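# Residue-level structural notes
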Amino acid sequence: MAEIQLHNTLGGRVEPFVPQKAGEVRMYSCGPTVYDYAHIGNFRTFVFQDILRRFLKSRGYNIIQVINLTDVDDRIIANAAAAHVSIRDYTEKFAQAFFDDCRTLSLEPPEHWTRATDNIDSMVQLIERLSEKSFTYQSDGSIYYRIAKFPDYGKLSNIDVAGIQTGVRVDVDRYEKESARDFALWKAPKEGEHFWETSIGRGRPGWHIECSAMAMKYLGETLDIHTGGIDLAFPHHENEIAQSEGATGKHFVKYWLHAEHLLVEGEKMSKSLGNFYTLRNLFAKGYKPSALRFALASVPYRRQLNFTFDGLQQAVSSVERLRNFADRLAQGKFPAGTQKNMAARIAAAAAEFDAGLSDDLNTARALGAIFEFVRDANIAMDKGEFGQADATAAQNLLQTFDRIFAVLENNDAQKLQALGYAQESPASGDAEVEKLVAERQAARKSRDFATADRIRKELDKRGIILEDSRDGGVRWKRK
């Protein structure tokens, strides 16, 4: 197997991956802010994080992953107040929708889901540690981090902090990328806002302190990997470093991995442009979860992903091609043993697949290895140059592939039905389909091609695809 190489945003270079403890990876992944449904740009990052997790697991690492839910920030506070409900009541709907979406996209759950509102005490304790070391100051009841006290500020994002004026601060959780200012660790409550009564006073945490506190609570003071979207590198992750290292005096994260932005038809996704999509928007248009997962995983995480509907349709076709190949391996009749150089071809494909993922999760390279093999194997099958032992080895390769990409199982209909988008069970009508397929086969054998063609058209109207094999058999599946 190839050595795993990952691009570390801290330093801006590709490095060999060596965790602190042999055989174990401690990883923190920034999750959603649950003020609304997560959109496909969010899920581009979440799918990347899942691919990384699955690949490291496939290499034998024990993964301890934390994914947070930011369930208190400026937007949530404002929206909950406007709706006259508690923070928890407001966010619960979107949190549960996120969990449902993750299951639908086959995202593995982490070892720890954490919510900001469940960890206020840890945030207060971290702020107190920073205060003891003079990293903080108070103003109007709020507590701010003094970034001039941390000489390494800017080392992740390479932002220029030379022009910072002492005492110039920012109160909102999100601010301009060019602005390096003292930021709020703890915010005094405004009239009508929810607050917590704590040892540092009434208020609620700033966005940045939440992740530092939760990451170190569950993973220790130094993490192996921290992931997120590139938009979080500054200010969020820069501030996490300042808070965590200021408090502990230790290196906070060994490897920072950031996914690039998702564009839609070449433009930034925006509600005002009408190109803003959640998963549910796309499910309602009839697209399958497997195709969405494939599309979001197909472009390496450090390249911008231009999401297009043509590309999504290509993803549909790609998944179907893989499933068809898997069906052919399972149902085909092959001569015993192996044929010619097929064993070597399968081994080469497996090595290239691993090399692609080892190369900073180059998913395009890994997928290329699989699809080139599928093409070669199909040609060999058509020529009768593919043995039963080859089929078994090819199935093992597909299993290795699917442990990472998770698109082969034909369960899209069940997933959509669980979300309320399917009208009937995918298993319903199987007996009738089998009956029609058998009637068509009988018509073909008796050379009644008009009847056989009529049945095929009828099945096509019902969304059934027939695939006739060279040995006279037939496979069917739903579109």
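None of these values were measured; they are calculated from a predicted model. (Residues numbered from 1 in each chain as written. Predicted model: local features only at pLDDT ≥ 70, side-chain atom pairs only at ≥ 80, totals over all residues. Heavy atoms only, no water.)

Enumeration according to the criterion identifies 35 salt bridges in this entry. Two residues, Arg-103 and Asp-100, come together in a salt bridge whose shortest N-O distance is 2.3 Å. Taken together, the residues Arg-103 and Asp-100, both in helix H3 (residues 87–104) and three residues apart, mark about one turn of the helix. Given the relative accessible area of 53%, Arg-103 is considered exposed. The salt bridge involving Arg-365 is made with Asp-359; its shortest N-O contact spans 3.7 Å. (Salt bridge = Lys/Arg side-chain N within 4 Å of Asp/Glu carboxyl O. Helix = DSSP H or I, 4+ residues; strand = E, 2+ residues; numbered from the N terminus. Buried < 20%, exposed > 50% of the residue type's maximum accessible area, 1.4 Å probe, protein only.)

Residues at a pLDDT of 70 or more form 95% of the protein chain, whose mean pLDDT is 92. Segment residues 424–428: pLDDT under 50, and eight contacts once partners within four positions in sequence are set aside and those in other chains are kept. (pLDDT = per-residue confidence, 0-100. Contact = heavy atoms within 4.5 Å.)

Now for helix H2 (residues 74–83). Burial in H2 covers these residues: Ile-76, Ile-77 and Ala-80. Taken down its axis, H2 places every buried residue within 100° of arc, on the same side. As for H2, its buried residues are in contact with H3 and strand E11 (201–205). The N-capping residue of H2, defined by a side-chain oxygen 3.2 Å from the backbone nitrogen of Arg-75, is Asp-73. In the stretch just after H2, His-84 is the one whose phi turns positive, near 60°. (Arc of directions from axis to C-beta. Polar contact = N/O pair within 3.5 Å; in protein donor to acceptor, adjacent residues only side chain to side chain.)

Okay, the sheet that holds strand E15 (residues 267–268) next. Ordered by their spatial adjacency, three strands build an open sheet running E15-E14-E16, and the pairing between neighbours is mixed. The open sheet has two edge strands with one neighbour each: E15 and strand E16 (305–307). Of the strands in this sheet, strand E14 (262–264) and E16 touch helix H1 (residues 40–58), which is tilted by about 145° from E14. (Pairing = 2+ DSSP bridges. Axes fitted to C-alpha atoms, helices over the stretch in contact; angles between N-to-C directions.)

Position of Ser-29 relative to the elements: it lies in strand E3 (residues 24–29). On the basis of relative accessible area, Ser-29 is assigned to the buried category, the value being 0%. Setting aside anything within four residues of it in sequence, one finds Ser-29 in contact with Gln-49, Gln-65, Val-66, Ile-67, Asn-68 and Thr-227.

The next thing to look at is the pairing of E3. With respect to burial, E3 is a largely interior element, five of its six residues being buried. Relative to strand E4 (residues 62–69), E3 runs parallel, the two being bridged by six bridges. Bridge assignment links Ser-29 to a residue of E4, and that residue is Ile-67. Traced from E3 through H1 to E4, the parallel crossover comes out right-handed. Here E3 pairs with strand E12 (residues 223–229) via three bridges, running parallel. (Right-handed = clockwise from strand over helix to strand, strands pointing away.)

Before going further, it helps to examine the environment of Glu-240. With respect to the secondary-structure elements, Glu-240 resides in helix H6 (residues 233–248). With a relative accessible area of 0%, Glu-240 lands in the buried category. Separated by 29 residues in sequence, Glu-240 and Cys-211 have C-alpha atoms that sit 7.0 Å apart. Those residues in contact with Glu-240 that sit more than four places away from it in its chain are Cys-30, His-208, Cys-211, Ser-212, His-226 and Phe-252. At 3.0 Å, the side chain of Glu-240 forms a polar contact with the side chain of His-226.

Now for the sheet that holds strand E5 (residues 112–115). As summarised here, the arrangement of the five strands in space is E5-E4-E3-E12-E13, forming an open sheet in which the pairing is parallel. Of all strands in the sheet, those bounded by a partner on one side alone are E5 and strand E13 (253–259). On average, each strand axis in the sheet is inclined to that of its neighbour by 20°, with strand direction left out of account. Strand contacts of H3: E4 and E5, with the helix running at about 155° to E5, the strand carrying the most contacts. Running over the sheet, helix H5 (residues 207–219) touches E3, E4, E5 and E12 and is turned about 160° from E3.

All right, on to the nonpolar core then. Core analysis: the biggest nonpolar cluster contains 134 residues, and Phe-43, Ile-225 and Phe-386 have the highest contact counts within it. Membership of the second largest hydrophobic core comes to seven residues, among which are Val-433, Leu-436, Val-437 and Leu-459. (Core = buried A, V, L, I, M, F, W, Y, C linked by side-chain atoms within 4.5 Å.)

For the structure shown, the criterion picks out five cavities of 30 Å³ or more. Of the voids in this model, the largest cavity is the one considered here, and its volume is about 110 Å³. Around the largest cavity sit 13 residues that line it, and Phe-46, Gln-49, Ile-67, Leu-107 and Glu-108 are the ones nearest its centre. Contributing elements (two or more residues each) for the lining of the largest cavity: H1, E4 and H3. (1 Å grid on protein atoms, 1.4 Å probe; cavity = no way out; pocket = protein on both sides within 12 Å on 5 of 7 lines; lining within 4 Å. Points joined across faces, edges and corners; volume = space filled by probe spheres on them.)

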